[in-house]
Amino acid sequence: KDKIEHQILNNIHYKCENASINIFVHCINYNYFQFAKVNILIINHEYLNKNWIDYLPCFDYVIVKSEYSKCVVETAMRNSGYSISNLICIPWRSPNIETFTKNKEFKTFLLYCNNRKSEIYKRVVDLWKPEWPTLKIINAENSIFLANPKKRRIMDNIDYCDAIKNEEFHPLFNSCGIHLC
């Protein structure tokens with residue numbers, strides 16, 4: 001085909017269209033297997049439900065991102081008597097951003113917004129007091145509650161770092177003594 005078509009489906013729905021490949025990310029719906037020639041599961045071991053272990057051999061590929069995840073999933077499959085021939089580890093790894101910092105700055109707090117739908121970030125901002133330390137907010141544009149700069153609470157000790165680059169974030173991450181995650 002000239003153009004690859006994709007559909008994103010709710011995992012708890014009972015029906016999907018025929019496809020060449022089904023890709024399951026952290027969730028399994030066995031009912032979808034019949035609708036594709038190839039079924040792939042991408043999973044972190046911490047999301048692996050024990051009830052799903054019997055479904056793992058039915059996948060053409062089970063992909064994990066680290067050697068540790070592979071070890072956990074492999075052990076679960078072997079303990080249940082299954083082959084691990086479909087288990088693949090892609091050596092993906094996030095960079096280690098922790099570097100040695102002699103003096104942590106405890107007058108600056110770091111708030112990293114990584115959950116788009118969580119209201120907790122806005123609650124932290126709304127509760128922040130002028131006499132408190134500086135609050136550096138990273139990735140606020142990812143939060144549906146803080147994304148609009150016109151609706152954000154503005155204070156001298158709140159700093160929205162929307163356009164921060166990795167090379168700026170890493171030193172900030174390491175210098176802030178308190179991380180609110």
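Whatever comes next refers back to the structure up there.
The following paragraphs examine the structure supplied in this document.

### Side note on the sheet that holds strand β5 (residues 105-112)
Item 1. As summarised here, the arrangement of the four strands in space is β7-β6-β5-β8, forming an open sheet in which the pairing is parallel. In this open sheet, the two strands that pair with only one neighbour each are β7 (158-161) and β8 (176-180). Direction aside, the axes of adjacent strands within the sheet are offset by 25 degrees on average.
Item 2. In this structure, β5 lies alongside strand β6 (residues 134-138), joined through five bridges in parallel fashion. Its bridge partner lying in β6, F109 is registered against L135.
Item 3. The strands that helix α2 (residues 120-127) touches are β5, β6, β7 and β8; relative to β5, the one it contacts most, it runs at about 145 degrees.
Item 4. Packed on one face of the sheet, helix α3 (residues 166-175) meets β5, β6 and β8 and runs near 95 degrees to β8.

### Some details on the packing of aromatic side chains
Item 1. All chains considered together, the criterion is met by 10 aromatic pairs.
Item 2. Ring geometry for F24 and F33: centres 5.5 Å apart, planes at 50 degrees, overall tilted. Pair check on accessibility: F24 and F33 agree, each one buried.
Item 3. Ring centres of F24 and F59 lie 5.4 Å apart, and the angle between their planes is 85 degrees; on these two criteria the pair is classed as edge-to-face.

### Re the pairing of β5
Item 1. As paired strands, β5 and β8 are joined by four bridges and run parallel to one another. Its bridge partner lying in β8, L110 is registered against H179.
Item 2. For the handedness criterion, the β-α-β arrangement of β5, α2 and β6 is classed as right-handed.

So, how was this worked out
- Residues numbered from 1 in each chain as written.
- Predicted model: local features only at pLDDT ≥ 70, side-chain atom pairs only at ≥ 80, totals over all residues.
- Heavy atoms only, no water.
- Pairing = 2+ DSSP bridges.
- Helix = DSSP H or I, 4+ residues; strand = E, 2+ residues; numbered from the N terminus.
- Axes fitted to C-alpha atoms, helices over the stretch in contact; angles between N-to-C directions.
- Contact = heavy atoms within 4.5 Å.
- Phe/Tyr/Trp six-rings, centres within 6.5 Å; stacked < 30°, edge-to-face > 60°.
- Buried < 20%, exposed > 50% of the residue type's maximum accessible area, 1.4 Å probe, protein only.
- Right-handed = clockwise from strand over helix to strand, strands pointing away.

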